[in-house]
Amino acid sequence: MLLLAEVVLIAVFSRAEKPVCQQYGTQELLQFSKEGDITIGGIFSFHKNPILVKPTFKVNPGHIQCEGLNPGELQYAQTMIFAIEEINNRSDMLPAVSLGYKIYEACRSIPLSIKASLDLMNGQEKGFITDQSCTKSSSVHAIIGQSSSTLTIGIAATVGPFHIPVVSHFATCACLSNRKEFPSFFRTIPSDYYQSRALAKLVKHFGWTWVGAIRSDNDYGNSGMATFIQAAQQEGICIEYSEAIYRTDPREKFLKVVDIVKKSTSRVIVAFTSYIDIEVLVKELFIQNVTEFQWWVGSESWITHSNLASKEGYKVLGGAIGFAIPNAKIPGLKEFILNARPSNTPGNTGLTEFWESFFSCSLTSENDENLKPCTGKETLEEINNEYTDVSELRISNNVYKAVYAVAHSLHNLLVCSHRKGPFDKQTCANKNDVKPWQVLQHLAKVNFTTRNGENVHFDENGDPLARYSLVNWQQNKEGITAFEIIGLYDGSSAEGQQFIMNGVNPVWAGDQNKMPKSVCSESCLPGTRKAIEKGKPVCCFVCIPCAEGEFSNTTDSVECTACPLEYRSNEQRSQCVLKNIEFLSFGELMGVLLVTCSVLGSSITIVIALIFFHHRSTPIVKANNSELSFLLLFSLTLCFLCSLTFIGQPSDWSCMLRHTAFGITFVLCISCVLGKTIVVLMAFRATLPGNNIMKLFGPKQQRLSVLGFTLIQVFICVLWLTITPPFPNKNVKYYKEKIILECDLGSAGAFWAVLGYIGFLSAMCFVLAFLARKLPDNFNEAKFITFSMLIFCAVWITFIPAYISSPGKFTVAVEIFAILASSYGLLFCVFLPKCYIILIKPEINTKKHLMSKGSSKLY
């Protein structure tokens, strides 16, 4: 007996010395499991919050308890199991390969999430390995989870160095797209980077430029809101305030946020939060009676969460609008969930606590005295909660797609009978020796279409295509909150075409149908521009009218645009209108008067020419050099008619003709007068004894002098037209409200050379005529020429300042007046006295009278 006792003691102590794997921390993490050739891991939060325990020397810090059941997460887990079972029953995917699963509880705790990921890598579950050495290798090939960005960051950072793929269905933080930090991370929900930018576009789409911002104080909220604020600034949206909240914050913090909301001037709040965080805020807003006051724009995390859609929640969030993951239907999932039964098998107890909560009964042998035992005949048919409700499978569908993405990568990895294998020696993978890194390699390349027609693939960062449903909170006739789809956002569409509205009218806070406004300053109407107020955000501004000659034709224009030179701004400064074009036309009163004077002057000149021609044999005509007189009358006719070229719309030909014709005809006219003056002087010189001067200035020399003087002007005009000819010009500088259509001189020097030459001949003619004014005999007409030249010079000396200072068409009118006045002066002074003698006093139109000397002078 003593020997037997010794043997037993030795055996006991020997067994006690054998190393045994012992877990540190909570030991009830594994909730659902099933053996298979290849195992997929899952991490979900079946409870809402971990119970915070104050660390003491008497409490094991590794034991974390959880509280608050989360039925929605249970549905995600069941969806994962359903997808795996569906794949196992298919013959076209992973034939002869069975998929297993291990689903862990993480209780929205970072330590528990990391611990679950370590357990999935090492396969050290309590209850399965109690007395074995720690030699089992990694047991999962991919991990599905988690439902929070912060928790998923911990998981992805833990397993990433081991190249185990992590596919999340609800982690949206843009930070997870960093391939350097998270090389093995994928997700079936779009990144917050795209959602945040889409939210900014949504706010801009509805014309809201003055908004408040509330975010969760975690990676999800902080990262998402940072991207939103950056995108909002690019869209011209201003943030009045930005506040962070977290479910565990003291009530004073939430009351502070409520007070900020009440005092704010913005009427739109962009809430980038988890549903649990905003749920706490909504309750406080309802208590403080801040209802039907603000319009909410929400992220996908809470916008379709049924827990918030109570009557109290609708009072605060009614009319909310935001992005949601597109809804989907998963055939067979409803029946699978309803047929699921609880189990007491270790590693499969995930449904037990929920079952007891659903039916208020106990499944354990040691019944709670307040709970009745479960009969085993309970059915979920009449249970209506997040677990059994399959009308909103937005996130569950992401779990479904995540499982299928892993399955497709495994299928591509294992089924390679018609292609070369991706591994060494061109062999295909063995289902009993599949490595996680091999799955990771193929997961990045998957591209398949679900039964719902949805394409699934990942970009270089592991992100899917950004597509969202635009959801609006509305109440139906029964008073139940409905998440009405009013449109779609497609991030792959071109800029400006990303919102596709379906025609359903949104409902706003207070069940209003009119779209709300939320601006710091009212929009600046066309015709004004925005001016930022000093010390205020860019959305707070004043509207300043555009200056004359500027316009703005859009609302909220930041600057006024100058009108083109030929245009002016209208009275409202909202557009440019063509300026009135001004030129001296034949139809206006001034033009009619000038044309009349011109035609009348040329007519009178022609009549006088006819009178002279009819009486060409009379002494008065012969005595006054009839050849030069007829040439002078012809040139005066041209002078009167050339003024017509100054009237009407300027053109290239009229501009060149008016100045050259005026210059040449006037020189011809003055040359004739000068010739007549020289003839007078020569005639009196010739009366002196022995003077034969008239032979030097006979008719031939007279013609040559007129031709010579005129050719000089012709030469000046030809040079002018050849080098820089006049051209029509639109003068927009003199008047701001109208265009002066005028003839630009081309060369001002040439113009003044033409006038200067005329002035030189006129001055010479005046001097000669003045010297000859007191010569004897009635033959002398020098004093009339002197008087005509005096008028001519006075007109043109006055013309110069008047021409320079006259505006627009009056410049042309002044020039025409000078032409007509000087022409009339020559006509009347030189020819009217002769016509008087010819027609009224024919008795003195005799040679005797003209040759007489004495006091009875005619002129």
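An unreviewed UniProt entry lists the protein under the name Olfactory receptor C family, j1, with Lepisosteus oculatus given as the organism. A UniProt comment under Subcellular location (unreviewed entry) is attached to the protein, and it reads "Cell membrane". Regarding the protein, the UniProt comment filed under Sequence similarities (unreviewed entry) reads as follows: "Belongs to the G-protein coupled receptor 3 family."

Visitor: Quick one: what's the story with the overall build of the protein, residue by residue and with numbers?
Guide: A count of helices and strands for the protein gives 22 helices and 29 strands. For the protein, with 859 residues in total, the buried portion stands at 50%. Across the protein, contacts joining residues at least 24 apart in sequence account for 69% of those joining residues at least 6 apart. For the protein, the accessible surface area stands at approximately 40900 Å², while carbon and sulfur atoms represent 58% of it.

Visitor: Go over the nonpolar core with me, naming the residues and quoting the values.
Guide: One finds Met 80 and Ile 144 to be the most contacted residues of the largest nonpolar core, which totals 95 residues. Looking at this core element by element, the count peaks at twelve residues for helix α12 (residues 394–414). Aside from chain neighbours lying at most four places away, what touches Ile 144 is Ile 40, Gly 41, Gly 42, Ile 43, Phe 44, Met 80, Val 167, His 169, Val 399, Ala 402, Val 403 and Val 406. Ile 611, Ile 620, Met 789 and Tyr 803 belong to the second-largest nonpolar core, a separate cluster that totals 65 residues.

Visitor: Account for the sheet that holds strand β27 (residues 580–582), with residues named and values stated.
Guide: Sheet architecture is open: three strands sit in the order β27-β29-β28, paired in mixed fashion. At either margin of the open sheet sits one strand with a lone partner, and together these are β27 and β28 (727–731). Sheet twist, expressed as the mean angle between neighbouring strand axes with direction ignored, is 30°. Here β27 pairs with strand β29 (residues 738–744) via three bridges, running parallel. Pairing of Asn 580 across the sheet is with Lys 738, part of β29.

Visitor: Outline the packing of aromatic side chains, supporting the account with residue identities and numerical values.
Guide: Under the defined criterion, the tally for this structure stands at 29 aromatic pairs. Taking 6.2 Å as the distance between ring centres and 90° as the angle between the ring planes, the aromatic pair formed by Phe 46 and Phe 354 counts as edge-to-face. Separated by 308 residues along the polypeptide, Phe 46 in the loop between β2 (38–44) and β3 (47–51) and Phe 354 in helix α11 (residues 352–359) bring together distant segments of the chain. Since its relative accessible area comes to 1%, Phe 46 is described here as buried. Seen from their ring centres, Trp 302 and Trp 473 are 6.2 Å apart, and the 70° between their planes marks the pair as edge-to-face. With a gap of 171 residues between them, Trp 302 in the loop between β12 (295–298) and α9 (311–317) and Trp 473 in strand β18 (residues 467–475) connect regions that are remote in the sequence.

Visitor: Explain the environment of Met 225 to me, using residue names and the numbers behind them.
Guide: Examined against the element boundaries, Met 225 turns out to sit in helix α6 (residues 219–234). Looking at Met 225, the relative accessible area reads 1%, which means it is buried. If sequence neighbours within four positions are ignored, Met 225 has contacts with Ala 213, Ile 214, Arg 215, Ser 242, Val 270 and Phe 272.

Visitor: Any chance you could break down the sheet that holds strand β9 (residues 210–216) for me, citing the residues and the numbers?
Guide: Strands in a sheet are paired, the pairing made by backbone hydrogen bonds, and the direction either parallel or antiparallel. What the eight strands build is an open sheet, ordered β10-β9-β11-β12-β13-β18-β19-β20; its pairing is mixed. Looking along the sheet, the strands with just one partner apiece sit at the ends: β10 (238–245) and β20 (499–501). Strand-to-strand twist across the sheet, computed as the mean angle between neighbouring axes with direction ignored, equals 30°. Pairing of strand β11 (residues 268–272) with β12 involves four bridges; the strand directions are parallel. The residue bridging Ile 269 from the neighbouring strand is Trp 296, located in β12.

Visitor: Could you give an account of helix α21 (residues 809–839), with specific residues and numbers?
Guide: Of all the bends in α21, the greatest reaches close to 40° and is centred on Phe 831; the proline Pro 833 follows between one and four positions later. Of all 31 residues in α21, 23 are buried, a share of seventy percent or more.

Visitor: Outline the confidence of the model for the protein, supporting the account with residue identities and numerical values.
Guide: Mean pLDDT for the protein: 83, with 86% of residues reaching 70 or above. The low-confidence segment residues 1–18, where pLDDT is below 50, has two contacts with residues more than four positions distant or belonging to other chains. For residues 125–137, every residue scores under 50 in pLDDT, and the model assigns this stretch 30 contacts once sequence neighbours within four places are set aside.

Visitor: I'd love a proper account of the packing of helix α14 (residues 589–614) against helix α16 (residues 626–642), names of residues and values included.
Guide: Direction vectors running N to C along α14 and α16 enclose 165°, while the axes themselves pass 8 Å from each other. Judged on the interaxial angle alone, α16 and α14 are roughly antiparallel. For the pair α14 and α16, the crossing hand works out as left-handed. Of the residues in α16, those touching α14 at Cys 597, Ser 598, Gly 601, Ser 602, Thr 605, Ile 606, Ile 608, Ala 609, Phe 612 and Phe 613 are Ser 629, Phe 630, Leu 633, Leu 636, Thr 637, Phe 640 and Leu 641.

Visitor: Tell me what's going on with the pattern of salt bridges, and back it up with residues and numbers.
Guide: Following the criterion strictly, the structure yields 17 salt bridges and no others. Glu 533 serves as the salt-bridge partner of Lys 536, at 3.8 Å between the closest nitrogen and oxygen. As a salt-bridge pair, Lys 738 and Glu 582 come within 2.7 Å of each other at their nearest N and O atoms. Taken together, the residues Lys 738 in strand β29 and Glu 582 in strand β27 connect sequence positions 156 residues apart.

Visitor: Could you give me a rundown of the packing of α16 against α21, with the residues and numbers involved?
Guide: Contact geometry for α16 and α21: axes closest at 9 Å, N-to-C directions at 155°. Considered as vectors, α16 and α21 are oriented roughly antiparallel to each other. With respect to the hand of their crossing, α16 and α21 are arranged in left-handed fashion. Note on element contacts: α21 touches α16 through Ile 819, Leu 820, Ser 823, Tyr 824, Leu 826, Leu 827, Val 830 and Phe 831, opposite Ser 629, Leu 632, Leu 633, Leu 636, Cys 639, Phe 640 and Cys 642. Of the residues belonging to the contact of α16 with α21, the class tally is 13 nonpolar, two polar and no charged.

Visitor: Provide a residue-level description of the state of the cysteines, including the pertinent values.
Guide: The full count for this structure, using the stated rule, is nine disulfides. Residue pairing for Cys 66: its cysteine sulfur links by disulfide to Cys 107, the two sulfurs lying 2.1 Å apart. Highlighted residues: Cys 66 in strand β4 (residues 65–69) and Cys 107 in the loop between β5 (99–105) and α3 (110–122), separated in sequence by 41 residues. Taking relative accessible area as the criterion, Cys 66 reaches 23% and is therefore assigned partly exposed. In this model, Cys 520 is linked to Cys 540 through a disulfide, with the two sulfur atoms separated by 1.9 Å. With the S-S bond torsion at 100°, the cross-link from Cys 520 to Cys 540 turns out right-handed. Of this pair, Cys 520 sits in the loop between β20 and β21 (528–532) while Cys 540 sits in the loop between β21 and β22 (541–545), placing them 20 residues apart in sequence. Residue Cys 520 is classed as partly exposed on the basis of its relative accessible area of 29%. Given the relative accessible area of 4%, Cys 540 is considered buried.

Visitor: Can you break down α11 residue by residue, with the values?
Guide: In terms of burial, α11 is a largely internal element, six of the eight residues being buried. Contacts from the buried residues of α11 go to β4, α2 (71–88), β14 (361–362) and β15 (372–373). Just downstream of α11, Ser 360 is the residue with a positive phi angle, here 50°.

Parameters and conventions
- Residues numbered from 1 in each chain as written.
- Predicted model: local features only at pLDDT ≥ 70, side-chain atom pairs only at ≥ 80, totals over all residues.
- Heavy atoms only, no water.
- UniProt positions renumbered as here; feature names shortened; annotations may be inferred.
- Helix = DSSP H or I, 4+ residues; strand = E, 2+ residues; numbered from the N terminus.
- Buried < 20%, exposed > 50% of the residue type's maximum accessible area, 1.4 Å probe, protein only.
- Contact = heavy atoms within 4.5 Å.
- Areas by Shrake-Rupley, 256 points an atom, 1.4 Å probe, with all protein chains shown as cover.
- Core = buried A, V, L, I, M, F, W, Y, C linked by side-chain atoms within 4.5 Å.
- Pairing = 2+ DSSP bridges.
- Axes fitted to C-alpha atoms, helices over the stretch in contact; angles between N-to-C directions.
- Phe/Tyr/Trp six-rings, centres within 6.5 Å; stacked < 30°, edge-to-face > 60°.
- Bend = angle between axes of the 7 residues up to and from the residue.
- pLDDT = per-residue confidence, 0-100.
- Parallel < 35°, antiparallel > 145°, perpendicular 65-115°, else oblique.
- Left-handed = near helix turned anticlockwise from the far one by under 90°.
- Salt bridge = Lys/Arg side-chain N within 4 Å of Asp/Glu carboxyl O.
- Nonpolar A, V, L, I, M, F, W, Y, C, P; charged D, E, K, R; others polar.
- Disulfide = S-S within 2.5 Å.

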